[in-house]
Structures are given as structure tokens and as C-alpha cells.
Amino acid sequence: MVDRLPLDRPFRPAKLRWRLVDARIEGPDSFGLPPDMVTTDGGGWWTAEFGEAPAMTPDEHMTLRAAALQLRGGRRIDVPFLEQRPTGGLVTAAPAGDELSFDDGVFIAPGLVTAEVESTVGLRADEMRIRVTSGAPLIGGDVFSLWRGPELGSELHALGAVTALGDDVWAVEIGPQMRQAYAPGTEINFNDPHCAMRLVDPDGGLWPEFDRGWNPRARLRFDEAVR
Amino acid sequence: MNETELRLLRATRTNLAFFFRAELPSGTIRLYAGAGDFPLDADAVETEGGIYESAGRWAGGLPDVDHLINGQAQGLTLQLSGVDVETARTYIRERSEIVGAPGAFGWAVLDERYRMAGPVRWSLRGKLSQPRIGRQRSGESTWTRILSVTLISGAYARRRGEHAYFTKADQRRSHPTDAACDRVGLYSAETTRKWPN
């Protein structure tokens, strides 16, 4: 069973960085031209870096220690994407301008989206059709996750180009590639996307040096667990 | 190679995919060196078509794969690192069925959106040998467990005839009037023959 982070008590990272990375082999530079580069992973995988998490108080120490002990064996864990769709904090829509957003870009309608897979998506697909049953329209850069079951957890994807097809159906380009096939009607989670990952802790960032006089910080890095 | 593949390979950024297939008595193993699983259609080597399972990432350089002609052989050692204890145990327990099983190593060109731009080129086909488990120290207190197997291809049989020249007698047996090999006896064993001789 894949659990969700936080396992026990929440970390409070000051920095958060999600990245889609490639396995690369780079060739030599030649006269100022960009070096030749070969990628070998067919679309990349997610990494998440939680930086600058305070590790000052005993409670923070214990939170980190509990996480470190539970994750060190390569346990699969659903990591939250944590970035909310901009909602503006309003619950009901108010008509204004283009009826989507205030002039500062904050969305008027609540960001909550209920959506499902419209037509079958194959393994390694990089485009799909999404039916939005309620909520704000889809925008490029939106992030969603699909539930692969209790053994595998969630898979995370982001939207590239988005085209409205009418009738609440959207054709979207996604990245990275689908990790498995999904049938029409599968629920798509735009509101609290997660990604099944494993802790990467090469330099022991979860075990920071605790010191009363300073302000110790912990750093966690997760890599997508594709299998 | 088709035009699209050639164009993609000439670009400064190329996306490649690597596949490994082994036919063990207990079932076929299909591995893909990349993120996520990779479905492949049936072809000459992959006769059924199937899903190649993600087996970690390719980090090092690309392997040299020679085009084998005229009795040459090549061994390509494939490694899988970061393997858990259970997999390693199973691997060693079943090593007897790994040795001699037919295996193939192939690659394909992917386009800008990581889709297949051409067929898989199974550049190395042969038999598996030397299943091995190793450990590599990757940090102060970190050891990485590595599984490796060697894929040998080409003229890999261990028994091979001694080098021999086609003698006068051999030639006369099939072509009684042909004198092409009459002077072979003048060669000494240490002499390297220049081509054309």
C-alpha cells in the first residue's frame, strides 16, 4: 500500500522544486556550437526537491527522523505536488472581465476541477482527451495525477498545449508519457495531484546537523518511482 | 534507415531508446532502459510484441556494438544497478537457466516527442552467459548491488578449428585441374599472408 507524504507530521520546506529530468549523454563542445546530446530515457521522469525545511526544534528533529527511518529502505510514497491552482479564495464565481480571472490573474471561479479520461489513453501516450465535468477550464501548465492502484500509487503529469473541443472536452498534450493505459471514465485528480516517488538521500540531507546556535535546515529529494 | 531517422540522428539532440530481450525457459524477459514501460510491436526478433519494462536509467556512455562479419565474436556486458536483495537472490538461484538463453540487444530512434521514428534495430543477437552479482561502493556507507550478464554474439562457440590453409590436395580434390593452391606448401606457419595473395 502506497502511503502519502507527510507520513507523520508535515515538513515545512521553504523551497520546493519539481523538475522533469532526462538521462543524458553529452558529447564534446565544438567551436561554440551546442554539444551533441543524446537522451536515453524516452521522456524523462520527475524529481522533487524539498529544500530549506527547518530542523531547529525537537519536534522538527523528530519529524525528520521519523520520515528518514520510514523512507530509507526505498519505500514508495505518494508525494504531493503542493502547488495549488490559483483560486483567489472565492467559493462562488463572480462575473468580471473575461469571466475567468481578475485583472491580476487570480481566477474568479474556484480552482477545483472534476475531470475524467474521455477516450482510452495508451501506455506511453503523450496526448489525451479530458472531460471536465465541473470546475475551471484547463490551462497549459496545469498538473494532474492518475491513481494506479494501491501497489503503485499515483502518476503525475503536466499539461502542455491545451485545445478546447467543446462539450467540456479538452485535447491536451501531456508530459511525461503515460506510465500505463487508462480506460474512459478514469478519474483525473487536478485538485491534489500526487506522484509515487522514492527518497534519494545521497548526502544524508534528512539527517542534518542539529545545533542550538544555528538554524539547521534539512533537504529532501525524491525521484519518481516509475515501477 | 528512413529519412526521418537520419534527420533525427543528424540533429544535435537525439533521443534513443534501448531494449533488451531474453528468452528464458520460464518466460521472456523484456527490459527497456528508460523511464516508464515501452510497448513494442512484433518484428523479426520480438516475435510476439510486448511491453518492455522500465529497468532504470542509462547513465554511462553508449556501448560499442560492432557489426559482426566472418567469424568475429563480441561480448556485451549489461548491468543493472540498485537491485534489491530479493531480485538478486532470484537471479543467482536461476542462473543456470540464464546461461545459454537466447538474448538480443536493440535500439531505436525516437522523435522529438519520444515516439518511435523507425523500427527497433536488434544490433546484437546471441546467447547469454556469465550471470554475475557485484557490489560497488558509491558513497561513504553506500553500496550498490549490480546484476550483470554478458550477451555474446557472432561466432561464439568455444571450439574452433585451428587456422589452416587450403592445401593443394584440398583444391585438387574438388577441382582436379586447378593449380591455384599448388604453392601453398611454400608458406611457413609464421608468415602472414598479404591480401590478395
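Below you will find a few notes about this structure. (Residues numbered from 1 in each chain as written. Chains lettered and ligands numbered in written order. Predicted model: local features only at pLDDT ≥ 70, side-chain atom pairs only at ≥ 80, totals over all residues.)

1. Digging into the overall build of chain B
Assigned secondary structure in chain B consists of four helices and eight strands. The order of helices and strands in chain B, counted from the N terminus, is α-β-β-β-β-β-α-α-β-β-β-α. For chain B, the residues scored as buried account for 21% of the 197 residues in total. Sequence separation of 24 or more characterises 54% of the internal contacts of chain B that already satisfy a separation of 6 or more. (Helix = DSSP H or I, 4+ residues; strand = E, 2+ residues; numbered from the N terminus. Buried ≥ 20, exposed ≤ 12 C-beta atoms within 10 Å, placed from the backbone. Contact = placed C-beta atoms within 7 Å.)

2. Some details on the sheet that holds strand 5 (residues 45-54) of chain A
All names here are of chain A. An order of 1-6-13-14-5-2 is seen for the six strands of this open sheet, with the pairing classed as mixed. The open sheet terminates on both sides in strands that have one partner only, identified here as strand 1 (3-4) and strand 2 (15-21). Strand direction decides the pairing type here: strand 1 and strand 6 (residues 77-80), joined by two bridges, are parallel. Pairing of Arg 4 across the sheet is with Asp 78, part of strand 6. (Pairing = 2+ DSSP bridges.)

3. Some points on the pairing of strand 13 (residues 194-200) of chain A
Residue and element names in this part refer to chain A. Along strand 13, five of the seven residues are buried, which leaves the element largely enclosed by surrounding structure. Sheet topology places strand 6 next to strand 13; four bridges connect them, and they run antiparallel. Residue pairing across strands places Ile 77 opposite Met 197, the latter belonging to strand 13. Note: strand 13 against strand 14 (residues 217-224), four bridges, orientation antiparallel. Bridge assignment links Met 197 to a residue of strand 14, and that residue is Glu 224.

Read these as geometric descriptors, not functional statements.
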